[in-house]
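Here are the chains, one letter per residue:
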Amino acid sequence: MDKYEKLEKVGEGTYGKVYKARDKITGQLVALKKTRLEMDEEGVPPSSLREISLLQMLSQSIYVVRLLCVEHVSKKGKPLLYLVFEYLDTDLKKFIDSRRSVNAGPLPPNVVQSFMYQLCKGVAHCHSHGVLHRDLKPQNLLVDKSKGLLKVGDLGLGRAFTVPLKCYTHEVVTLWYRAPEVLLGSTHYSTPVDIWSVGCIFAEMVRRQPLFPGDCEIQQLLHIFTLLGTPNEEMWPGVKRLRDWHEYPQWKPENLARAVPNLSPSGLDLLSVFKDARAFR
């Protein structure tokens, strides 16, 4: 690790701290993700090996943050693993917030289109390699402002999925971007949970504020149902058998244009695809 000069701490990842650093030899800026290993009898824990193998596989796409190398070091007798990523100067949340803070108006349509294209390509790349992200949110989408690039990052909750689908943990995906089937306690789900998150991010880019900003799981569901309508057995077979289903008020779907009035007709059509791609099938 002597080849890197740490410049500043830039955040907390799923598994550890993240630093901005410079390669002393090349001058390249990198992001160092530090993970303290809880070594078991077999060595490096499976969760770390899983993330590294996924990242190495997915780094082949320009739409996914690239893993440059892995450094294994020991500090005071404790093993540390550093994942060395390419460095991007901001994330989508900070990008949106910075425009709001200077009252710069909504994101230009061409920027939204470009970011959505890159986001969809990155997510499609993950899915085509059998990987669910499961925590897509603006904070996990890194942006290079000068080049107009957006890349999918922080695959710490990524899980390879198989057929038949495995039973997954309930506590995944930040609340505002969490799909209804996860909120309702489904333990068997697949790629559409990421597609739901992409739709929420799309609306947020246009609105400059979250589409479903719930404070708890029940409130999150109520936000969704009041806009998209309360699901029933006809539109979503088996919904009432999900673990956390309750009898909810029967709201009818609202016009999506009410929630995203700045979106063009073609944009509203795309947003409805993301909505229909999942639970409200």
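Residues numbered from 1 in each chain as written. Predicted model: local features only at pLDDT ≥ 70, side-chain atom pairs only at ≥ 80, totals over all residues. Heavy atoms only, no water.

As annotated in an unreviewed UniProt entry, the chain is Protein kinase domain-containing protein from Picea sitchensis. Taken directly from UniProt, the Sequence similarities (unreviewed entry) text for the chain runs: "Belongs to the protein kinase superfamily. CMGC Ser/Thr protein kinase family. CDC2/CDKX subfamily." (UniProt positions renumbered as here; feature names shortened; annotations may be inferred.)

A. Here's a closer look at helix H3 (residues 109-128). The end-to-end C-alpha separation of H3 is 28 Å, in line with the 28 Å expected for 20 residues at 1.5 Å each. Every buried residue of H3 is accounted for by Val112, Phe115, Met116, Gln118, Leu119, Gly122, Val123, His125, Cys126 and His127. Backbone geometry just downstream of H3 places Gly130 in the positive-phi region, at approximately 75°. (Helix = DSSP H or I, 4+ residues; strand = E, 2+ residues; numbered from the N terminus. Expected span 1.5 Å × (residues − 1). Buried < 20%, exposed > 50% of the residue type's maximum accessible area, 1.4 Å probe, protein only.)

B. Region of interest: the layout of surface pockets. By volume, the largest pocket is sized at about 630 Å³. Along the wall of the largest pocket there are 26 residues; nearest its centre are Val10, Gly11, Val18, Gln139 and Leu142. For the lining of the largest pocket, the secondary structure elements donating two or more residues are strand S1 (4-12), strand S3 (29-36), helix H1 (46-58), strand S5 (78-86) and strand S6 (90-91). For the lining of the largest pocket, the element with the most residues is S1, which contributes four residues. Computed from the structure, the second largest pocket encloses a volume of approximately 340 Å³. In terms of lining residues, the second largest pocket is bounded by 17 residues, among which Pro109, Val112, Gln113, Val206 and Leu263 are the most central. The set of elements that each furnish at least two residues to the lining of the second largest pocket consists of H3, helix H5 (192-207) and helix H8 (265-276). When residues of the lining of the second largest pocket are assigned to their parent elements, the largest contribution, six residues, is made by H3. When the residues that make up the lining of the second largest pocket are grouped by side-chain class, the tally is 12 nonpolar, five polar and no charged. (1 Å grid on protein atoms, 1.4 Å probe; cavity = no way out; pocket = protein on both sides within 12 Å on 5 of 7 lines; lining within 4 Å. Points joined across faces, edges and corners; volume = space filled by probe spheres on them. Nonpolar A, V, L, I, M, F, W, Y, C, P; charged D, E, K, R; others polar.)

C. Structural view of the pairing of strand S9 (residues 149-152). Here strand S8 (residues 141-144) runs beside S9; their pairing, made up of four bridges, is antiparallel. Directly across from Asp144, in S9, lies its bridge partner Leu149. In this structure, the hairpin formed by S8 and S9 is closed by a connection of four residues, where Gly148 is found at a positive phi of approximately 70°. (Pairing = 2+ DSSP bridges.)

D. The confidence of the model for the chain, seen in detail. Predicted confidence across the chain gives a mean pLDDT of 84, with 86% of residues reaching 70 or more. A low-confidence stretch, residues 162-168 (pLDDT under 50), is modelled with 16 contacts involving residues beyond four sequence positions or located in other chains. (pLDDT = per-residue confidence, 0-100. Contact = heavy atoms within 4.5 Å.)

E. Representation of the nonpolar core. Judged by nonpolar contacts, the single largest core of 50 residues is most densely connected at Leu92, Leu119 and Met205. Ranked by residue count, the leading element in this core is H5, at nine residues. Not counting residues up to four positions away in its chain, the partners in contact with Met205 are Leu92, Ile96, Leu107, Val112, Phe115 and Met116. In terms of nonpolar packing, the next biggest core, distinct from the first, is built from 15 residues, Ile52, Leu54, Leu58 and Leu81 among them. (Core = buried A, V, L, I, M, F, W, Y, C linked by side-chain atoms within 4.5 Å.)

F. Representation of the sheet that holds S8 within the structure. Read from one edge to the other, the open sheet built from three strands follows the order S6-S8-S9, with strand pairing classed as antiparallel. Two strands close off the open sheet at either side, each with one partner strand: S6 and S9. Across two bridges, the pairing between S6 and S8 is antiparallel. Looking at S8, one finds that Thr90 is bridged to Val143.

G. Summary view of the packing of H3 against H5. Contact pair H3 / H5: the axes reach a minimum separation of 11 Å and the direction vectors enclose 170°. For the element pair H3 / H5, the angle class is roughly antiparallel. The two elements H3 and H5 cross, and the hand of that crossing is right-handed. Across from Val112, Phe115, Met116, Leu119, Cys120, Val123 and His127 in H3, the residues of H5 making contact are Asp194, Ile195, Val198, Ile201, Phe202, Met205 and Val206. Considering only residue class, the contact of H3 with H5 consists of 12 nonpolar, one polar and one charged. (Axes fitted to C-alpha atoms, helices over the stretch in contact; angles between N-to-C directions. Parallel < 35°, antiparallel > 145°, perpendicular 65-115°, else oblique. Left-handed = near helix turned anticlockwise from the far one by under 90°.)

H. Focus on unusual backbone geometry. The backbone phi angle of Arg134 is positive, close to 70°, even though this residue is not glycine. Along the polypeptide, Arg134 turns up in the loop between strand S7 (131-132) and S8. Using a relative accessible area of 3% as the deciding quantity, one classes Arg134 as buried. The phi angle at Arg208 is positive, at roughly 65°, despite the residue not being glycine. Along the chain, Arg208 falls in the loop between H5 and helix H6 (217-228).

I. Summary view of the UniProt feature "binding site: ATP" (unreviewed entry) in the chain. According to UniProt, the "binding site: ATP" (unreviewed entry) feature falls on Lys33. Within the secondary structure, Lys33 is located in strand S3. A relative accessible area of 5% places Lys33 in the buried class.

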